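Coordinates in review
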Amino acid sequence: MAPSAGVEVQSKFDDVLNLAAERSLHYIQNVHRRNVGPSHAAVTALAGLHEPFPASPCDPSEIIARLDEIGSAATTTNTGGRYFGFVNGGILPTALAAHWLAGAWNQNVALRAMSPIGAELEDVVLGWICEALGLPADCAGGLVSCATTASFTSLVTARQALLERAGWNVAEDGMFGAPPIEVVVGGEAHASVLKALSLAGFGSKRVTIVEADSQGRMRADKLPKLSERTIVCIQAGNVNTGALDPATEICEAAKKQGAWVHVDGAFGLWARVSPKYEHLARGFEQADSWATDAHKWPNAGYDSGVVLVKDGAALRASMGIRAAYLEPGSRREPLHHTPGSSRRARGVELWAAFKSLGRSGLRALIERTCAHAQRFAHGLREAGFEVLNDVVINQVLVSFGVPEMTRKVIERIQEDGTCWCGVTVWQGKTAMRISVSSWATTEADVERSLAAMTRIARECPAK
Ligand SMILES: *Cc1c(COP(=O)(O)O)cnc(C)c1O
């Protein structure tokens with residue numbers, strides 16, 4: 001090959017990448033100055049994106065410039081410190097930088113042969129996650145888009161494993177005529193678990209719902225009779241209150257009967273990395289499968305879900321794909337562990353995020369965000385507003401009065417732009433939900449947001 005081969009093609013990247021880097025830095029540097037939510041005008045301007053399929057090529061620099069002009073303004077700024085919506089994480093600087101580099105690599109991590117680096121980093125981070133979360137070291141796992149997919153993967157694996165024990169091959173023979181499987185969920189299970197159950201053919205309405213307490217924890221004393229054909233779905237971190245199910249009692253009861261326990265630990269499972277919160281999160285290590293997110297509390301960036309299964313052979317039996325050119329090698333092949341095949345190199349950002357935090361940094365991130373949540377709860381109570389939940393980790397629910405009033409205040413807080421919080425309904429009460437999930441949130445961010453919330457709530461006319 002001539003030394004100059006490809007130079008012309010490669011040089012096409014120069015201008016456009018430099019421009020994207022420049023615009024990205026400008027965005028990041030200005031996140032603190034702008035409104036946390038996008039303006040109405042910025043959202044309306046998105047209509048300008050709708051045009052017929054482009055007839056001819058557009059100049060690369062123009063494309064990036066237009067994307068920045070129309071797009072950046074219409075983002076919710078979760079990379080700043082005052083976005084408290086849903087349970088959305090920010091992105092650690094090193095994770096973003098690694099994401100850029102990995103973009104240049106454009107790796108497909110379906111198979112080790114397609115991306116040795118991508119596959120190796122998956123091995124490394126899956127081991128690290130088990131270690132950090134105190135889960136069995138020999139778990140098998142996969143990197144998926146989100147906790148919903150991770151739960152789906154787990155439930156399909158549980159389905160296949162339990163039916164296999166009953167002498168039924170669900171992969172080949174399907175669910176029709178299969179021995180029934182009972183599914184047990186808590187009364188405050190996340191909607192994504194019900195979606196995953198429905199995708200897996202269990203039916204979201206067919207499940208047995210166990211009463212939850214006032215914080216949303218499944219009541220272990222209300223568990224139905226379990227058997228070796230039961231799947232029990234428990235939760236580490238209720239999306240509203242942050243409360244964690246009593247895993248020790250539930251897992252012990254399930255173990256005795258040979259039932260499968262699946263944990264939806266999208267964010268709350270990470271409480272296990274802190275000795276201060278570990279007591280809330282005991283017992284989850286006794287489960288059979290876990291779903292969690294690295295894009296929430298660990299701040300690894302989107303999209304980054306993780307599935308872990310204690311019985312690795314069961315995961316591979318349900319997710320393995322058979323084809324002549326996919327002979328299982330002696331090492332872990334990513335595509336035999338997830339519903340999908342081709343995928344981007346999610347392990348890159350995870351590796352960079354955990355490397356940049358270390359155990360101490362991850363623990364500090366968890367503890368700092370929980371302390372911020374405590375400050376929010378305290379400040380709002382002092383200002384005379386009702387905090388609806390026991391603030392055990394990073395979630396706070398506050399009511400500003402009757403439902404219409406609470407909704408009005410939330411709307412005004414969003415318009416004001418100092419911070420961003422969403423609405424929820426907790427056990428019949430309308431509330432504003434504050435989720436402190438970003439590494440970037442400082443004490444000053446909390447004070448500024450708290451001041452805006454109380455000012456707006458007091459000014460809001462009752463009618
Ligand atoms: C966010 C969340 C989910 C869903 O996570 P995705 O990554 O959006 O799929 C599931 N369960 C709980 C408790 C959550 O907080």
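Residues numbered from 1 in each chain as written. Predicted model: local features only at pLDDT ≥ 70, side-chain atom pairs only at ≥ 80, totals over all residues. Heavy atoms only, no water.

Comments concerning the overall build of the chain
Selection criterion: Here a helix means four or more residues in a row that DSSP labels H or I, a strand means two or more in a row labelled E, and each is numbered from the N terminus. We compute the radius of gyration over the C-alpha atoms and compare it with the globule rule, which gives 2.2 Å times the number of residues raised to the power 0.38. A contact between two residues is defined here by any heavy atoms of the two lying within 4.5 Å. Here the accessible surface of atoms and residues is derived via Shrake-Rupley with a 1.4 Å probe, and residues count as covered only by protein chains that are part of the display. Counted charges follow a simple rule, with Lys and Arg positive, Asp and Glu negative, and His plus the chain ends left uncounted. A charge is said to be at NZ when it belongs to Lys, at CZ for Arg, at CG for Asp and at CD for Glu.
The secondary structure content of the chain amounts to 13 helices and eleven strands. Computed over its C-alpha atoms, the radius of gyration of the chain comes to 24 Å, within 12% of the 23 Å expected for a compact globule of 463 residues. Along the first, second and third principal axes, the C-alpha set of the chain runs to 75 × 60 × 45 Å. The contacts in the chain between residues at least 6 apart in sequence include a share of 74% that link residues at least 24 apart. Accessible area of the chain: about 21400 Å², with a carbon and sulfur share of 56%. Computing the positive centroid from 46 side-chain charges and the negative centroid from 48, the chain places the two 4 Å apart.

Overview of the packing of aromatic side chains
Selection rule: Centres within 6.5 Å make a pair out of two Phe, Tyr or Trp rings, where for Trp the six-membered ring is used; the pair is then stacked when the planes are under 30 degrees apart, edge-to-face when over 60, and tilted otherwise.
The tally for this structure, following the rule as stated, stands at six aromatic pairs. Note on Phe267 and Trp297: the rings are 6.3 Å apart at their centroids and 70° apart in plane angle, and the pair reads as edge-to-face. Of this pair, Phe267 sits in the loop between strand 5 (260–264) and strand 6 (289–293) while Trp297 sits in the loop between strand 6 and strand 7 (305–309), and the two are 30 residues apart along the sequence. Clustering of aromatic rings is evident, with ring pairs tying together Tyr83, Phe86 and Trp420.

Focus: the side chain of Asp293
Keep this limit in mind: Relative accessibility decides the category of a residue: with a 1.4 Å probe and only protein chains considered, values under 20% of the type maximum give buried, values over 50% give exposed, and everything between is partly exposed. Identification of polar contacts relies on pairs of N or O atoms within 3.5 Å, with a donor-acceptor requirement for protein atoms, meaning one able to donate a hydrogen and the other able to accept it, and with residues adjacent in sequence counted only if both atoms are side-chain atoms.
Considering the arrangement of structural elements, one finds Asp293 in strand 6. The class for Asp293 is buried, based on a relative accessible area of 2%. Within the local environment of Asp293, its side chain forms a polar contact with the backbone nitrogen of Ala147, the two atoms lying 2.9 Å apart. Those residues in contact with Asp293 that lie beyond four places of it in its chain are Cys146, Ala147, Ala266, Trp270, Pro298, Ser304 and Gly305.

Quick word on unusual backbone geometry
Note on backbone geometry: most residues besides glycine have negative phi, and most peptide bonds are trans. Here the amide bond leading from Tyr302 into Asp303 is cis, since omega sits at -10°, within 30 degrees of zero. Unusually for a residue other than glycine, Phe86 sits at a positive phi of about 45°. The topology assignment puts Phe86 in the loop between helix 3 (60–71) and helix 4 (93–105). For Phe86, a relative accessible area of 46% gives the class partly exposed. Its identity as a non-glycine residue notwithstanding, Gln427 has a phi of 45°, on the positive side. Assignment of secondary structure puts Gln427 in the loop between strand 10 (422–426) and strand 11 (429–435).

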